[in-house]
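Fold and geometry: a report
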Amino acid sequence: MEDVLNKARHGDLKLTPEVMDVVLESIDLMKSLLHAIRDNGNDTSVGIDITDICRRLDIISNGETAKNIVVAEEVDESPVPSAEEDDNTDYSKLSDKEVEDEIERLLKMRKEEDRKRRESSGSAKAAAVPTPSFESLKDNHDNDGDSDDEAPKVVEPVTRRSVGGDTSNTAPAKKESASTMEQTIRVEVKRLDHLMNLIGELVLGKNRLLKIYDDVEERYEGEKFLEELNQVVSSISLVTTDLQIAVMKTRMLPIAKVFNKFPRMVRDLSRELGKQIELEISGEETELDKSIVEEIGDPLVHIIRNSCDHGIEDGATRRANGKPETGLIQLKAYNEGNHIVIEITDDGKGLDPDLLRTKAIEKGMITEREADAMSDKEAFALIFRPSLSTAKVVTNVSGRGVGMDVVKTNIEKLNGIIDVDSEVGHGTVIKLKIPLTLAIIQALLVGAQEEYYAIPLASVLETVRIPLDEIYTIEGKNVLRLRDEVLSLVRLSDIFGVKQVYEGGEHTYVVVIGLAESKLGVVVDTLVGQEEIVIKSLGDYLQGIEGIAGATIRGDGRVTLIVDVAALMNLAKGITVDIRASAEAVVKTKTVPSDYIVLAVDDSAMDRNIMKKSMEPIGVKVLEASNGQEALNMLKSAEYSIDAVLIDIEMPRMDGYTLAGEIRKYSKYKNLPLIAVTSRTSKSDRLRGVESGMSEYITKPYSPEYLESVVRKNIKL
Amino acid sequence: MNDKLNQILQKQQQQVDEPHKKEDDIIQLVGFIIGQEEYAVPILSIQEIIKPIEYTRVPSVPDYILGVFNLRGSVIPLIDLRRKFKMDPVKVTEDTRYIVMKGKDNTAGFVIDRLTEAIRIKSSRIGPPPETIHAEKGLVYGIGMREENILTILKVEQLLKRDF
């Protein structure tokens, strides 16, 4: 058999499905032989007839040796018993033509036997995929071990034993001939993980450094050392990014590792189902993080099984529909930004959205009304619900309604997105979009009232700014019509119970998140931006909080929680707050002037007194602070709800400009009137006041009436 | 050298685990005030004591869990002992501290009103907790008698156990 493979590798032998049948079958036989040897200690106690297969291998192999030099190179294969040696001179003297005929004859014979055997043993084997990719098949023989446990055990007694069984017992895989030696070392995954963690810390440090640099730049504009600092900071950030990518790369594996088992699977399936299916693989060199490669295998198996079983029709039906008799499944992988996309396309009968709806109603998963409101895309998404199957009969292969649920769970675990597209009669396209890595991710930072959350960018489809009156309520659910789709909406602050401290404007931001096959619009108050974040666990104590996937430390050293998109979607179902109504119900608790509080910040007690006096006619309560720091602490403590602040510019500890800037950093004080009251009258001072966030600028000396009117205007009294 | 170190470490661990093994064992505690009462925890279970820093609220947890904070790159939960002991929350003052306690597999910060002192107390002067006073089951390790007052000694492992 090695000879056969060898020749195929050197292009001497044309691989036909028949040849592959023989090869695969012999592999199965070898495996069962190995099992037998392992279980019984010898190979004579189980009746496995390898004579026939050996002879066939010989035919294929020796038929060509007449005109070719055999290159003796090892195939990197599992232990290979070479039983063919015995009688391989018989055919070598024949002419090509004769050999061809002989092969033809023997193959026919073999096919007959094959059929008989299959009937007798009951375990169907060896499917015919016409000209499958040979390389991938070969690499994969090792992996198929588990599924081949029931390799055909032939019932007739042993007629002739070969030496092969015994040699295989002792023959370890003879791998790695000199030519294939690679410059690699094996590294424990744990070490890589540790390295990854360290890099994570470094990335956090880098983010902080960048932030500090921004602050420094602002403060010491035009200073010479800034240039130098800039250089250092940017080179560090560059190197860190490169380092991160490099470490990530060390964890990457080509997706071929997963893809390689599919040709054999499809081949076996197609034989079993009596269909002709061709599998086309492309992009198997695309690389993915190791942990993801491990997770992605199962979902793909299920999807491809489904395509084979339900998607591709049998030959007759296909012909009747004017399609080529051989069904085609394409398995494609490619990179798209920070994602890898795996596309599984079949040209089968496609998904029928109406059938899906009826089935779902039958099973009581959705009501008829829901079904009517469903778009085709949403109907396709039904296939991911557990226990829904479109198959009329449950087969060995699929139809139990479990598989797609597994797909969904696994892809969700990876923060991936599933997109199903199908046309009845033309086929189905399933797209899996998976982030390249899990430890460091890109996230969209959003603000809900005063709190910030990070949403994995992998799950963010788009962000839109909408006026509030575009939000409609249907059956207690908030929805938004976005282009031709109806999107359910939920406010992030409702999900996480964020305190409502300030009301939004006429518009609001919606982050459209998608996970697996579902979509949701999340209403947030601010969009902060995109940032690279390192996922940290919340620890045992806070493990498993619904809706939170972890935490990250931002550039400013604060902790920001990362949203668990899958859980968020679940949580969203339980929330029935009318967004529009609650947004419009303006929180107006203050009614009389004495409810209002004005904070007077000035270092001179006399000035504060003057301010106090001027405001007496309005009747508001006045608090005092003697410097910026004190005022800021009062605002921070949120003990009083302050409605306006009068700020002197020249003060010890923290001046007025800085105070205004600090206050504006709090989102809840974004609209707080800040009135500068100062003796600085120059234009540049005024300008600086505006820049730092002052809403009014009053110069000393002022008339009490003037101050009064300004305050009145600003707190709307 | 290493053996010696191990021995010392083991001894320390023993001290943490069973502070009253011998009658005359001296236990070292750190005392702090919550509300009106003085509490204490074994000194070895304390990782560090820090001044209040900013923390991030975590949704859908009991109210005594204030959130999480960043301790030099680690995300650590912050627990308000006042609320945990069903007292009214107060504002952060100059004296407020976070005590970061480390257990076997958990670390958490606890908000306390004020630190008092490091205390050395003989284990013979520690009595079992009276059964009636604390609704919070198992949190109290024992009551320490001192000349001028009494101490409630808390069980750190229990404090660090998730109970929701």
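Please read these numbers as outputs of a predicted model, since none were measured by experiment.

Some remarks on the pairing of strand 17 (residues 548-553) of chain A
Along any regular strand the residues' side chains alternate between the sheet's two faces. Residue and element names in this part refer to chain A. With respect to burial, strand 17 is a largely interior element, five of its six residues being buried. Two strands pair when backbone bridges link them, and strand 17 and strand 18 (residues 559-563) are joined in this way by five bridges, in the antiparallel orientation. Across the sheet, residue Gly-550 finds its bridge partner in strand 18, namely Ile-562. Adjacent in sequence and paired antiparallel, strand 17 and strand 18 are bridged by five residues, among which Gly-557 carries a positive phi angle near 90 degrees.

Quick word on the confidence of the model for chain B
Here chain B shows a mean pLDDT of 80. Residues at 70 or above account for 88%. Two numbers describe this predicted complex: its pTM, 0.49, and its ipTM, 0.75.

Some thoughts on unusual backbone geometry
One can expect most non-glycine residues to show negative phi and most peptide bonds to be in trans. Here the phi dihedral of B:Ser60 falls at roughly 45 degrees; this positive angle occurs in a residue that is not glycine. Along the chain, B:Ser60 turns up in the loop between strand 3 (46-50) and strand 4 (65-71).

Here's the deal with the confidence of the model for chain A
Residues and elements named next belong to chain A. Overall, the prediction assigns chain A a mean pLDDT of 73, with 70% of residues at 70 or greater. In this model, residues 64-92 is a region of pLDDT below 50 whose contacts with residues beyond four sequence positions or in other chains number 62 contacts. Note that residues 122-178 has pLDDT below 50 and, in this model, 125 contacts with residues that lie over four places away or in other chains.

Side note on the sheet that holds strand 2 (residues 277-282) of chain A
All names here are of chain A. If you walk across this open sheet you meet the five strands as 2-4-5-7-6, and the pairing is mixed. The open sheet has two edge strands, strand 2 and strand 6 (417-423), and neither has a second partner. Pairwise comparison of adjacent strand axes, ignoring direction, gives a mean angle of 15 degrees for this sheet. When strand 5 (residues 339-346) meets strand 7 (residues 427-435), the two strands line up antiparallel, connected through eight bridges. What sits directly across from Val-341, in strand 7, is Lys-433.

Focus on the interface of chain A and chain B
Taken together, the contact between chain A and chain B spans 24 residues of the former and 21 residues of the latter. Put simply, the parts of the chain that give the side of chain A that touches chain B at least two residues each are helix 7 (189-219), strand 17 and strand 18 of chain A. For the side of chain A that touches chain B, the class distribution of residues is 11 nonpolar, six polar and seven charged.

The rules behind each value
Residues numbered from 1 in each chain as written. Chains lettered and ligands numbered in written order. Predicted model: local features only at pLDDT ≥ 70, side-chain atom pairs only at ≥ 80, totals over all residues. Buried ≥ 20, exposed ≤ 12 C-beta atoms within 10 Å, placed from the backbone. Helix = DSSP H or I, 4+ residues; strand = E, 2+ residues; numbered from the N terminus. Pairing = 2+ DSSP bridges. pLDDT = per-residue confidence, 0-100. Contact = placed C-beta atoms within 7 Å. Axes fitted to C-alpha atoms, helices over the stretch in contact; angles between N-to-C directions. Nonpolar A, V, L, I, M, F, W, Y, C, P; charged D, E, K, R; others polar.

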